[in-house]
Amino acid sequence: MAPPGLILVSLLLVIPFLSQIKGEFINGAININYGTFDKVIRQFKAVLVRFDDAYPYGDKHDEFKKLAVSAMTQPDLLIADYGINDDSGRDDEEQDSDRDRWGRNRWDDDGEFPPYSGSGSGGYSGSGGYSGSGMDDDYKDDEAYKDDYKDEDASVEKEPEPINVDEPKSDDEEEWSGSGSGNFSGSGSGEYTDSEPKDDDEMDAEMESEKSRIQQSDDEEDMQANREYAQGMGIQKDDWPVFVLYINSQKRNLTYTGDVTVDDMKAWITKETGLWLGLPFCMEIFDEMVSAFLKLENQDEMEDAVKQAEGVAATLEDYNEKESARMYVTYMNKIIEKGKDFIETELERVKKLRGGQASDNKKEQLRNRYYMLTSFYTRLPKKTNDEL
């Protein structure tokens, strides 16, 4: 376990990276990705990581948010969210942000500006990627065309006379030059530009758009790396959400397989780590008495501890607290009668009963017993190597 000061410094270094990760803000949890995963895992006794879509929703998501809040008071447990962006279901327009930004009709299949073809009269100056003769078919059939471009006594086309660009044009004279027609000027080669010069706002907008395009490209690379990192740990999309508990800096990691409810997950975390999370139907004052009780070996001392618990229970007025205290005393007496192995045996029995059919009232009773037995279990003294 790293010193608290080192943990604080490490988190301060990690936070700037966390701010770059997209996802919902969840109170009591931090967002991590492939770049911060190991840094965070190493700093805590236990870290529960959820692997899920970057923008999750639904009942399981709501339960996870409750769990994150309930774990805030436990300094040795961190709740982390590993969001994974998945683009496999997006259509072409969603994946091709450049085409969305600029308009698909301005791009060819290779993502380049297409050459302009046909005559048209668009509001462009300069030649653009202009191709074709630029001569209107109707004009070719006109008598004036024949007169201008054919000799009187031969069917040979004449070259058009050069135009003096310095000569002023009449108002009704059509503006064209070179091989183009319509409102085009220039030689017909090179890139086109808008007829009106761009103002500062337009140029700024284009620069911001380009920055956004580059940033999006970087984001997509990070998202892919994030997905591949999770897949390398065996996390598959079909299994989302996946909850993995890392204990003592990845020396142990366990995948949760139970119902995704805040209480069941708290019980599981408490059972596997021994960290107190305040399970339902449990009371901290009695949990502390149980910790002391389970360290005793002398039966007389254990019976005295039960009497002490009964004395505290007698002072309670709330119905639910009195019921909880009564159950604590019952299990303490069972342990004196059957030994400490009773806890694990009974815990497994109640767990199986919870998976069967039962009335709502019976389900609630089994749930409360399960949580309390879990609290007892986490307080059992650790067995020595000789006992294992």
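Just so we're clear, the structure is a prediction, and the values are computed from it rather than from any experiment. (Residues numbered from 1 in each chain as written. Predicted model: local features only at pLDDT ≥ 70, side-chain atom pairs only at ≥ 80, totals over all residues. Heavy atoms only, no water.)

### Concerning a negative patch on the surface
Stated precisely, the cut-off is as follows: Residues enter a patch when their relative accessible area is above 30% and they make no salt bridge; the linking distance is 9 Å between like charges and 5 Å between nonpolar side chains (Val, Leu, Ile, Met, Phe, Trp, Tyr). Areas reported as accessible are Shrake-Rupley estimates using a 1.4 Å probe. Residue values count occlusion only from the protein chains shown. Between Lys or Arg on one side and Asp or Glu on the other, a salt bridge is scored when a side-chain nitrogen of the former is within 4 Å of a carboxyl oxygen of the latter. Residues scored as positive are Lys and Arg, those scored as negative are Asp and Glu, and His as well as the terminal groups of each chain are ignored. Throughout, a charge is located at the NZ atom of Lys, the CZ atom of Arg, the CG atom of Asp or the CD atom of Glu. Strands here mean DSSP runs of E at least two residues long; helices mean DSSP runs of H or I at least four residues long; both are numbered from the N terminus. Note on classification: 1.4 Å probe, protein chains only; a residue is buried when its accessible area is under 20% of the maximum for its type, exposed when over 50%, partly exposed between these limits.
Together, Asp-199, Asp-200, Asp-201, Glu-202 and Asp-204 make up a negatively charged patch on the protein surface. On the secondary structure map, Asp-200 appears in helix α8 (residues 200–232). Taking the relative accessible area as the measure of exposure, Asp-200 reaches 58% and is therefore exposed.

### Focus: the packing of aromatic side chains
Two aromatic rings are characterised by how far apart their centres lie and by the angle between their planes. We apply this condition: Planes of paired rings set the category: under 30 degrees apart is stacked, over 60 is edge-to-face and the rest tilted, where pairs are Phe, Tyr or Trp rings (Trp by its six-membered ring) whose centres lie within 6.5 Å. Each ring is checked for a lysine NZ or an arginine CZ that lies within 6 Å of its centre and within 35 degrees of its normal; such an atom marks a charge sitting over the ring.
Counted by the stated rule, this structure contains 13 aromatic pairs. Each residue in the set Phe-37, Phe-51, Tyr-82, Tyr-229 and Tyr-246 is aromatic and connected to the rest through ring pairs, giving one cluster. Stacked on the ring of Tyr-370, the Lys or Arg Arg-354 has its end atom at 5.0 Å from the ring centre.

### Remarks on the pattern of salt bridges
Under the definition given, this model contains nine salt bridges. Of the charged contacts, one joins Asp-264 and Arg-354 as a salt bridge, the two residues approaching to 3.3 Å between their closest N and O atoms. Linking Asp-264 in helix α9 (residues 262–273) with Arg-354 in helix α13 (residues 341–354), this pair joins segments that are 90 residues apart in sequence. You can call Asp-264 buried: its relative accessible area is 10%.

### Overview of the nonpolar core
Threshold: The definition of a nonpolar core used throughout is a set of buried Ala, Val, Leu, Ile, Met, Phe, Trp, Tyr and Cys residues joined through side-chain atoms within 4.5 Å.
Ranked by internal contacts, the top residues of the largest apolar core, which has 34 residues, are Phe-286, Phe-293, Ile-335 and Phe-376. Contributing elements (two or more residues each) for this core: α10 (284–293), α11 (299–314), α12 (319–338), α13 and α14 (360–378). If one sorts the elements of this core by residue count, α12 sits on top with eight residues. Membership of the second largest hydrophobic core comes to 21 residues, among which are Ala-46, Leu-245, Val-260 and Met-265.

### Considerations on helix α3 (residues 59–70)
Along an α-helix, residues three or four positions apart point the same way, because every turn accommodates 3.6 residues. As a reminder of what qualifies: Here the expected span of a helix is defined as 1.5 Å times the quantity of residues minus one. When checking whether two residues touch, look at their non-hydrogen atoms; a contact exists if any pair is within 4.5 Å.
The terminal C-alpha atoms of α3, which comprises twelve residues, lie 17 Å apart, in line with the 16 Å expected from a rise of 1.5 Å per residue. Listed as buried for α3 are His-61, Glu-63, Phe-64, Leu-67, Ala-68 and Ser-70. Next to the buried residues of α3 lie β1 (29–32), β2 (46–53), β3 (77–84), β8 (242–247) and α9.

### Quick word on the environment of Thr-315
Heads up, the rule is: A 3.5 Å cut-off defines polar contacts: any pair of N or O atoms within that distance qualifies, except that in protein one atom must be a possible hydrogen donor and the other a possible acceptor, and neighbouring residues in sequence count only when both atoms are side-chain atoms.
As for its placement among the helices and strands, Thr-315 is situated in the loop between α11 and α12. There is a polar contact of 2.6 Å between the side chain of Thr-315 and the backbone oxygen of Val-312.

### Overview of the side chain of Ser-70
Structurally, Ser-70 is set in helix α3. A distance of 2.8 Å separates a polar side-chain atom of Ser-70 from the backbone oxygen of Leu-67. If we ignore the near neighbours within four places in the chain, the residues touching Ser-70 are Val-262 and Lys-266.

### Topic: unusual backbone geometry
For the peptide bond that leads from Trp-240 to Pro-241, omega is -10 degrees, which places it in the cis range. Structurally, Pro-241 can be placed in the loop between α8 and β8. You will see that Phe-281, though not glycine, has its phi angle at about 70 degrees, which is positive. The topology assignment puts Phe-281 in the loop between α9 and α10. Judged by its relative accessible area of 23%, Phe-281 falls in the partly exposed class.

### Describing the environment of Ala-292
Along the chain, Ala-292 turns up in helix α10. Considered as a pair, Ala-292 and Pro-381 are 89 residues apart in the sequence and their alpha carbons are 9.9 Å apart.

### Digging into the sheet that holds β2
This is how it is decided: Here the rule is simple: two strands pair whenever DSSP picks up at least two bridges between them. To obtain each axis, a line is fitted to C-alpha atoms, and for helices this fit is confined to the stretch in contact; angles are then taken between N-to-C directions over 0 to 180 degrees.
An order of β1-β3-β2-β8-β9 is seen for the five strands of this open sheet, with the pairing classed as mixed. Looking at which strands have only one partner, the edges of the open sheet turn out to be β1 and β9 (252–255). Neighbour-to-neighbour, the strand axes of the sheet open up by a mean angle of 25 degrees, direction not taken into account. Each of β1, β2, β3 and β8 is contacted by α3, which is oriented at about 150 degrees to β3, the strand it contacts most.

### Details of the confidence of the model for the protein
Operational definition: Each residue carries a pLDDT score, the predictor's own confidence in it, on a scale running from 0 to 100.
Mean pLDDT for the protein: 76, with 62% of residues reaching 70 or above. Confidence drops under pLDDT 50 across residues 94–135; counting only partners more than four residues distant or on other chains, this segment forms 91 contacts. Per-residue pLDDT stays below 50 along residues 174–182; that stretch engages in 26 contacts with residues further than four places along the chain or on separate chains.

### Points about the pairing of β8
Most of β8 sits out of view: six of its six residues are buried. Burial of β8 is two-sided: the residues Val-242, Val-244 and Tyr-246 facing one way and the residues Phe-243, Leu-245 and Ile-247 facing the other way are all buried. Where β2 and β8 come together, six bridges link them in antiparallel fashion. Within β8, the position partnered with Val-49 by the bridge is Val-244. Looking at chain direction, β8 and β9 are connected through four bridges and run antiparallel.

### Quick look at the pairing of β3
Within a regular strand, the side chains alternate between the two sheet faces. Here β3 lies mainly inside the structure; eight of its eight residues are buried. A two-sided burial pattern is seen for β3, the buried positions comprising Leu-77, Ile-79, Asp-81 and Gly-83 on one face and Leu-78, Ala-80, Tyr-82 and Ile-84 on the other. Looking at chain direction, β1 and β3 are connected through four bridges and run parallel. Looking at β3, one finds that Asn-31 is bridged to Asp-81. When β2 meets β3, the two strands line up parallel, connected through eight bridges. Paired with Asp-52 across the bridge in β3 is Gly-83.

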